[in-house]
Amino acid sequence: MGTEPALCGPFLIHRHDRVFESCCPFCGLVCDDVRVEVEASGVRVERPDCARARSLFAVPATGQSRIGGQPVEAIAALRAAAALLAQARRPLIGGLACDVAGQRAALDLAERVGGVVEHMNGAAQFRNWLAFQDSGWMTTTLSEVRNRADLIVFAGTDASRFPRFFERCIDAGSQFGPLERTVITLGATPAGGRGTAHAIEPVDLAALFADLRIRLAGGTGAPNGIGGVPAATLDALLASMKAARYGVLVWNAAELDFPHADLTVQAMVELVRDLNRETRWAGLPLGGSDGDTSASQVCTWRTGYPLRVGFDPAGPRYEPLLFEASRLLAAGEADTLLWVSVFDPARTPPETACPRIVLGRPDMRLDAMGPQDVFIPVAVPGVHHAGILHRMDGVVSLPLQGPSPSALFSAAQALAAIQREMTHAAA
Ligand code: SF4
């Protein structure tokens, strides 16, 4: 029998020797059917055939702390991080790619040091949140898509950033009997390689959805169509949407990367609302990777706001525009960056003039470290220790296993240790 993994506790659901059933933390689907084998060289994914999971489960169990690029003991790195935060006037606690425990610890630390919290996917998240806060939205879950959706319209995305989306949600049969599905893509290539694709630039989607709303309300849409999509095609698309029994409009805010894309999200949300007068429709905003859904959930239940929150003496302050991370750094309003990124070694911190403290995967490479920059390697939830992560649809939090324990701190432990070093230094 294999060694009992530390920290797995009640979340260990299956074990045969060194083979573990696990949830995968490496994209917003958080697939719950991954089987991994722990070998001498590390963790190997037995199934499914997901290249992203295979590559990211393979992470070393040890790492080297550094200051200014030079190797140091872990305690020295923690003390250097504590000293930087103690002297900072407005630190930015960014990245936030970690599990729920890590995000809670990050908020604790932000509250202590008067920091601002923002996720590395904040630009995409806030395209959704601005629309949601303005008018609300009607969204659905991955299970509902799988079990009920008979028409799925992809807008500006082919879902390829979520490698198993089609396998898990579209190709999987409904639990309620036979279900014929139609897939339509508004974009360059058919999502999942199937159905019909109508080529249109993402920046034109807002006008297209506004036009569909006009047609739906009985008005006359643009006679020449929108963004290269002919008027007759728009009429046919709307007829299909009205005929659906359960339609789902899918978008990925990360791929709507242009100014004021929140208005495109709002146009989609409003079309979904209007379609519900005819039949059943819902939106499905793709996302959730790098723990971004968890981060906004944790911040909301702790402060009432979905990130971009600064901790002032009077309490948490929400500034969805002023507290955008790249603006804070470019304007010099943040004077220290603490960056947490434990899932993907490619998600390194931005270059910035202020000192950086990086809590990263042990295989993260930081090529250009400034003299004050601190790197602390941390364990990966779902590989080295147990944890909890919210799926992209936000309705379930899933347990991560820790099949291959590591001596490294978890992100939560490292953040708590930094706080302790601040307390010791102040005493
Ligand atoms: S699709 Fe995403 S969550 Fe599922 S196994 Fe692949 S990387 Fe992991």
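Each value, and the rule that gives it
- Residues numbered from 1 in each chain as written.
- Predicted model: local features only at pLDDT ≥ 70, side-chain atom pairs only at ≥ 80, totals over all residues.
- Heavy atoms only, no water.
- Near = heavy atom within 4 Å.
- Nonpolar A, V, L, I, M, F, W, Y, C, P; charged D, E, K, R; others polar.
- Buried < 20%, exposed > 50% of the residue type's maximum accessible area, 1.4 Å probe, protein only.
- Helix = DSSP H or I, 4+ residues; strand = E, 2+ residues; numbered from the N terminus.
- Pairing = 2+ DSSP bridges.
- Axes fitted to C-alpha atoms, helices over the stretch in contact; angles between N-to-C directions.
- Parallel < 35°, antiparallel > 145°, perpendicular 65-115°, else oblique.
- Left-handed = near helix turned anticlockwise from the far one by under 90°.
- Contact = heavy atoms within 4.5 Å.
- Domains from an automatic or database assignment.
- Buried area = accessible area lost by both parts, 1.4 Å probe.
- Salt bridge = Lys/Arg side-chain N within 4 Å of Asp/Glu carboxyl O.
- Polar contact = N/O pair within 3.5 Å; in protein donor to acceptor, adjacent residues only side chain to side chain.

Q: How would you summarise the site of the ligand if you had to cite specific residues and measurements?
A: Neighbouring the ligand are Cys24, Cys27, Leu29, Val30, Cys31, Cys50, Arg52, Ala53, Pro163 and Arg164. Partitioning the shell around the ligand into residue classes produces eight nonpolar, no polar and two charged.

Q: Describe the pairing of strand β3 (residues 34-39), and please don't skip the residues or the numbers.
A: In β3, alternate side chains face the same way, and those of Val34, Val36 and Val38 are buried while those of Arg35, Glu37 and Glu39 on the opposite face are not. As paired strands, strand β2 (residues 19-22) and β3 are joined by four bridges and run antiparallel to one another. For valine 19, the partnering residue across the bridge sits in β3 and is glutamate 37. As consecutive antiparallel partners, β3 and strand β4 (residues 42-47) are separated by two residues.

Q: For the packing of helix α2 (residues 74-87) against helix α12 (residues 411-426), give the residues involved together with the corresponding values.
A: In contact at an axis separation of 8 Å, α2 and α12 are set at 65° when each is read in the N-to-C sense. Judged on the interaxial angle alone, α12 and α2 are roughly perpendicular. In the crossing of α2 with α12, the sense of the turn from one axis to the other is right-handed. Counting all contacts with α2, which are made through Ile75, Leu78, Arg79, Ala81, Ala82, Leu85 and Ala86, the residues of α12 involved are Ala414, Ala417, Ile418, Glu421 and Met422. Partitioned by chemical class, the residues of the contact of α2 with α12 number 10 nonpolar, no polar and two charged.

Q: Got a sec to walk through the domain arrangement of the protein chain? Specific residues and values, please.
A: Examined at the domain level, the protein chain breaks down into domain 1 (9-57), domain 2 (66-121 + 290-426) and domain 3 (125-286). Once you take the C-alpha centre of each, domain 1 and domain 3 turn out to be 32 Å apart. With nine residues of domain 1 at the interface, the matching set in domain 3 holds seven residues. For the pair domain 1 and domain 3, the summed buried area comes to about 700 Å², and 70% of that belongs to carbon and sulfur atoms. By the criterion of area lost to domain 3, the three top residues of domain 1 are Leu29, Cys31 and Cys50, representing 55% of everything that side buries. Taken together, the links from domain 1 to domain 3 amount to three salt bridges. Notably, a salt bridge pairs arginine 164 with aspartate 33, separated by 2.8 Å at the nearest N-O pair. Counting every contact that joins domain 1 to domain 3 gives three residue pairs in polar contact (both at pLDDT 80 or more). Per-class residue counts for the side of domain 1 that touches domain 3 are five nonpolar, one polar and three charged.

Q: Tell me what's going on with the sheet that holds strand β12 (residues 246-252), and back it up with residues and numbers.
A: With respect to topology, five strands assemble into an open sheet ordered β11-β10-β9-β12-β13, the strand pairing being parallel. Each having just a single partner strand, β11 (196-198) and β13 (280-286) make up the two edges of the open sheet. Going from strand to strand, the sheet's axes swing by 20° on average, the running direction of each strand aside. Where β12 meets β13, seven bridges bridge the pair, whose relative direction is parallel. Across the sheet, residue tyrosine 246 finds its bridge partner in β13, namely arginine 280. Where helix α7 (residues 205-216) meets the sheet, it contacts β9 (151-155), β10 (182-186) and β12, and its direction lies at approximately 125° from that of β10. On top of the sheet, helix α9 (residues 262-275) reaches β9, β12 and β13; it is set at about 175° to β12, its chief contact.

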